[in-house]
Amino acid sequence: MADLETPQAVPCSERKLGVHEHFMRVAMREAELAETAGEVPTGCVIVERPEDGTLTADARIIGRGHNETEGRGNPTSHAEMLAIAEACAARGDFRLTDTVLYVTKEPCAMCAGAIVLARIPVVVYGVSDPHRGGQSVFGILDSEALIHRAEIIGGVCGDECRVRLQAFFRARRRQGQE
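Residues numbered from 1 in each chain as written. Predicted model: local features only at pLDDT ≥ 70, side-chain atom pairs only at ≥ 80, totals over all residues. Heavy atoms only, no water.

Colleague: Quick question: what am I supposed to make of the overall build of the protein chain here?
Modeller: Looking only at helices and strands, the protein chain has five helices and five strands in total. The long-range share in the protein chain, meaning contacts at least 24 apart out of those at least 6 apart in sequence, stands at 65%. Looking at the protein chain as shown, the accessible area adds up to about 8700 Å², and 49% of this sits on carbon and sulfur atoms. (Helix = DSSP H or I, 4+ residues; strand = E, 2+ residues; numbered from the N terminus. Contact = heavy atoms within 4.5 Å. Areas by Shrake-Rupley, 256 points an atom, 1.4 Å probe, with all protein chains shown as cover.)

Pasting the structure below:
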């Protein structure tokens, strides 16, 4: 995981906690749940954005998830996919047009595709994945070839997200599980 990059990262502990950092911290707690279960520590939350577009820390979380691929025996059980499913169920609609998705690691191609199909307009992630990322590698989230595009904000709490992922994979390599 040494390849993970954090664009313009500033540790959350070194600045006033803003709304994006607040919700990234919630996603990081989801990542902790994944790690405790032996899963890749990735967490995600989806937040409703008010009609006026002003997002505050008391915005309602309508979906949350953490990686569960091993536990469910399902390669699609990524944090983002589970959070999207929960948010769609909460809404009774697959269109999540007035939401913001927070995830600790840049979405993969599968998750980026689901984000586009769900019409999520803003994606905030902690650490990018320049070798497998749905945006870094494939440009899915803002592709002009697709009918929907998302605004992308990377590097939020990126150092903390990267350290957690690197420690997880370092421990796995030591155990011979990679």
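Colleague: I would appreciate a short explanation of the packing of helix 3 (residues 79-91) against helix 4 (residues 109-117) in the present structure.
Modeller: Any two packed helices are characterised by how steeply their axes cross, that is the angle between the axes, and by the distance between the axes. Where helix 3 contacts helix 4, the axes come no closer than 9 Å and their chain directions differ by 20 degrees. By the angle class used here, helix 3 and helix 4 are roughly parallel. Here helix 3 and helix 4 pass one another in a crossing that is left-handed. Facing helix 3, whose interface residues are Glu80, Met81 and Ile84, helix 4 presents Met110, Cys111, Ala114 and Ile115. When grouped by side-chain class, the residues that make up the contact of helix 3 with helix 4 number six nonpolar, no polar and one charged. (Axes fitted to C-alpha atoms, helices over the stretch in contact; angles between N-to-C directions. Parallel < 35°, antiparallel > 145°, perpendicular 65-115°, else oblique. Left-handed = near helix turned anticlockwise from the far one by under 90°. Nonpolar A, V, L, I, M, F, W, Y, C, P; charged D, E, K, R; others polar.)

Colleague: Just checking my understanding: could you explain the confidence of the model for the protein chain for this structure?
Modeller: Low-pLDDT portions of the prediction should not be read for the details of their coordinates. Here the protein chain averages 90 in pLDDT, while 89% of its residues score no lower than 70. This stretch, residues 1-16, has a pLDDT under 50; its non-local contacts, to residues over four places away or in other chains, come to 45 contacts. (pLDDT = per-residue confidence, 0-100.)

Colleague: Quick question: what am I supposed to make of the nonpolar core here?
Modeller: The tendency in soluble globular proteins is for nonpolar side chains to be buried side by side. By size, the foremost hydrophobic cluster in this structure holds 22 residues, and its most contacted members are Ile46, Ile84, Leu96, Leu101, Ile115 and Ile120. Going through the elements one at a time, strand 1 (43-48), helix 3, strand 3 (99-105), helix 4 and strand 4 (122-127) are the ones with two or more residues in this core. Once you skip the residues sitting within four places of it in the chain, Leu101 turns out to touch Cys44, Val45, Ile46, Glu80, Ile84, Ile115, Ile120, Val122, Val123 and Val124. Of all hydrophobic cores here, the second largest spans 20 residues; its members include Ala27, Val45, Leu55 and Leu165. (Core = buried A, V, L, I, M, F, W, Y, C linked by side-chain atoms within 4.5 Å. Buried < 20%, exposed > 50% of the residue type's maximum accessible area, 1.4 Å probe, protein only.)

Colleague: What am I meant to see in the pattern of salt bridges here?
Modeller: For side chains bearing opposite charge, pairing can occur when the charged atoms are close. What the rule picks out here adds up to twelve salt bridges. The salt bridge involving Arg164 is made with Glu35; its shortest N-O contact spans 2.5 Å. Here Arg164 is found in helix 5 (residues 158-174), whereas its partner Glu35 is found in helix 1 (residues 19-36), with 129 residues between them in sequence. For Arg164, a relative accessible area of 23% translates into the label partly exposed. Relative accessible area serves as the criterion here: at 28%, Glu35 is assigned to the partly exposed category. Close ionic contact of Arg60 with Glu48 constitutes a salt bridge, the shortest N to O distance being 3.0 Å. (Salt bridge = Lys/Arg side-chain N within 4 Å of Asp/Glu carboxyl O.)

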